[in-house]
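Understanding the architecture of this molecule
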Amino acid sequence: MNLSHRAPRVFFRATFVISTLAFLAGAVPSAVADSSPLAPQTRIRLTIVQWIQSKGQFERWDGIGGDYTVSDAGTVSLPFLGSLSVGNLDNAGLTSEIAKRLQAKMGLAQAPAVTIDILDYPSIYVVGDVVAPGEYKFRSGLSVLQSLAMSGGPLRAAAQQQSQTIRLAGDLREIDHSLLRGSAKLARLQAEMAGKKEIAFDPPPAADRQYAESIYEEERVIFQARANALDKQSVALVELRNLLTAEIETMQEKLKGSDDNIQSVEEQLTSVKTLVQKGLTISSRQMDLERLLTTYRSDRLDLVTAIMRGRQATNETTRSLEGLSDTRRSEIASEVQAERANLDQLKLKRDTTQQLLLEDLANGANVNNRVDELPLTFVVNRRDNGQVTQFQALETTELAPGDVIRVTRSRSIADAPSEDAAALPAQTEAHISQVSR
């Protein structure tokens, strides 16, 4: 009775699971079910399921299933099966091969159900005359024209030349400002080293007069602030030395008083000792005077020690005051050396940037507009069976995972420079003259 009720339940459960697997298999996109071979660097997810008759249910083989990547050599390394060559196998062929090998390896009566989901295709690469060459994610049905759009579209030579000219001109302007700031700083350091009261700046360029005046004013503020700081340090050290000297003089006065007290107590002690010997006074009087004499002598030693420490501090303050100017001059000399090296580098960079700007204007006078009018050509490099093949493609050509698309502007032999080339030298000279101004 129990078996008769159990059999339908097992049958319905198996039917439900099989129907679910069939639905999932049908939900796989067309790209996953594609019959094309699996390219290297394709990431796949392997799922293995086996029907267990004794349990009446499906069981997953998680020990073998998981995420794998097809190597550059066209192999997939699987647990228990080892390295499996993909070769020209597509999705269906690879699943069938894995199922057969598992059945033979484990001696199964029926091959397990193997499914492969493609997680990620190898990227495509767009290079050449495009705005943003680089690596891009592949998707099924991707065409050459779509890859061109992904890379920002064709590169406009005129726009690129104009952008580069603007960038070089901006760099040159920034270098000129850095040179102006460095020259102003060097003038201020030299004035500090010479101990001058004012800074002698070089006459500023006419184009940067307002900017130069602001920089000069900042350097004057720094110059005055550093001079005030040096004066304050000198005044503080002088005041400290005077304070220490006054403190030493006070302790010396106290030392004289202590000597007088010691001498007085010693005289009293001599008299008391005589009276004690004659029996005219008690011995406790002598003991009190001896204790008082010991206290006075200890206080005197403390005063002597304090005077010695005060004299040591006074000497250190005097050395700091005398070395303050030398230390500042040494620091300024190091800053002057570093600033001169920086100015030399900036001058070299300015000359190089200016030369690049002039060459850029000379080479890009009228040629860029002609280049932008040239048609685009697409050449695709594709790996097939370990060999790289190259072919010319159209905008509608469908790409494969791992393709490298080179976009170039082709020029035919008939496109020879004519009237525009004759006007090139005159226009180039005009550009150079304008930049020089």
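This structure is a prediction, so every number in the text was calculated from the model and none was measured.

Cut-offs and rules
- Residues numbered from 1 in each chain as written.
- Predicted model: local features only at pLDDT ≥ 70, side-chain atom pairs only at ≥ 80, totals over all residues.
- Heavy atoms only, no water.
- Helix = DSSP H or I, 4+ residues; strand = E, 2+ residues; numbered from the N terminus.
- Expected span 1.5 Å × (residues − 1).
- Buried < 20%, exposed > 50% of the residue type's maximum accessible area, 1.4 Å probe, protein only.
- Arc of directions from axis to C-beta.
- Contact = heavy atoms within 4.5 Å.
- Pairing = 2+ DSSP bridges.
- Axes fitted to C-alpha atoms, helices over the stretch in contact; angles between N-to-C directions.
- Phe/Tyr/Trp six-rings, centres within 6.5 Å; stacked < 30°, edge-to-face > 60°.

1. Topic: helix α2 (residues 91–106)
Over its 16 residues, α2 extends 23 Å from the first C-alpha to the last, a length consistent with the 22 Å expected when each residue adds 1.5 Å. For α2, every residue scored as buried is listed here: Asn-91, Leu-94, Thr-95, Ile-98, Ala-99 and Leu-102. Axial view of α2: buried residues confined to an arc of 135°, hence all on one face. Facing away from the buried side of α2 by more than 90 degrees, the exposed set consists of Ala-92, Lys-100 and Ala-104. Contact partners of the buried residues in α2: β1 (43–52), β4 (75–78), β5 (82–85) and β6 (113–120). Once α2 ends, the next one or two residues include Gly-107, with phi positive near 65°.

2. Some details on the pairing of strand β11 (residues 404–409)
Side-chain alternation along β11 places Ile-405, Val-407 and Arg-409 on a buried face and Val-404, Arg-406 and Thr-408 on a face that remains uncovered. Bridging between strand β7 (residues 124–128) and β11 involves four bridges; their strand directions are parallel. In the strand pairing of β11, Val-127 is matched with Arg-406. In this structure, strand β9 (residues 376–384) lies alongside β11, joined through six bridges in antiparallel fashion. Looking across to β11, one finds that Leu-376 is bridged to Arg-409.

3. What to know about the sheet that holds strand β10 (residues 387–393)
Strand order across the open sheet formed by five strands is β8-β7-β11-β9-β10, with mixed pairing between neighbours. Either end of the sheet is taken by a strand with one partner, and the two such strands are β8 (134–136) and β10. Between one strand axis and the next, the sheet turns through 25° on average, direction left out of account. Pairing between β7 and β8: three bridges, direction antiparallel. Each bridged residue has a counterpart across the sheet, and for Ile-124 the counterpart in β8 is Tyr-136.

4. Thoughts on the packing of aromatic side chains
A complete count under the given rule lists three aromatic pairs for this structure. Arranged with centres 4.9 Å apart and planes meeting at 65°, the rings of Trp-51 and Phe-58 form a pair that is edge-to-face. Note on Tyr-121 and Phe-138: the rings are 5.2 Å apart at their centroids and 75° apart in plane angle, and the pair reads as edge-to-face. With Tyr-121 in the loop between β6 and β7 and Phe-138 in the loop between β8 and α3 (144–150), this residue pair connects regions lying 17 residues apart in the sequence.

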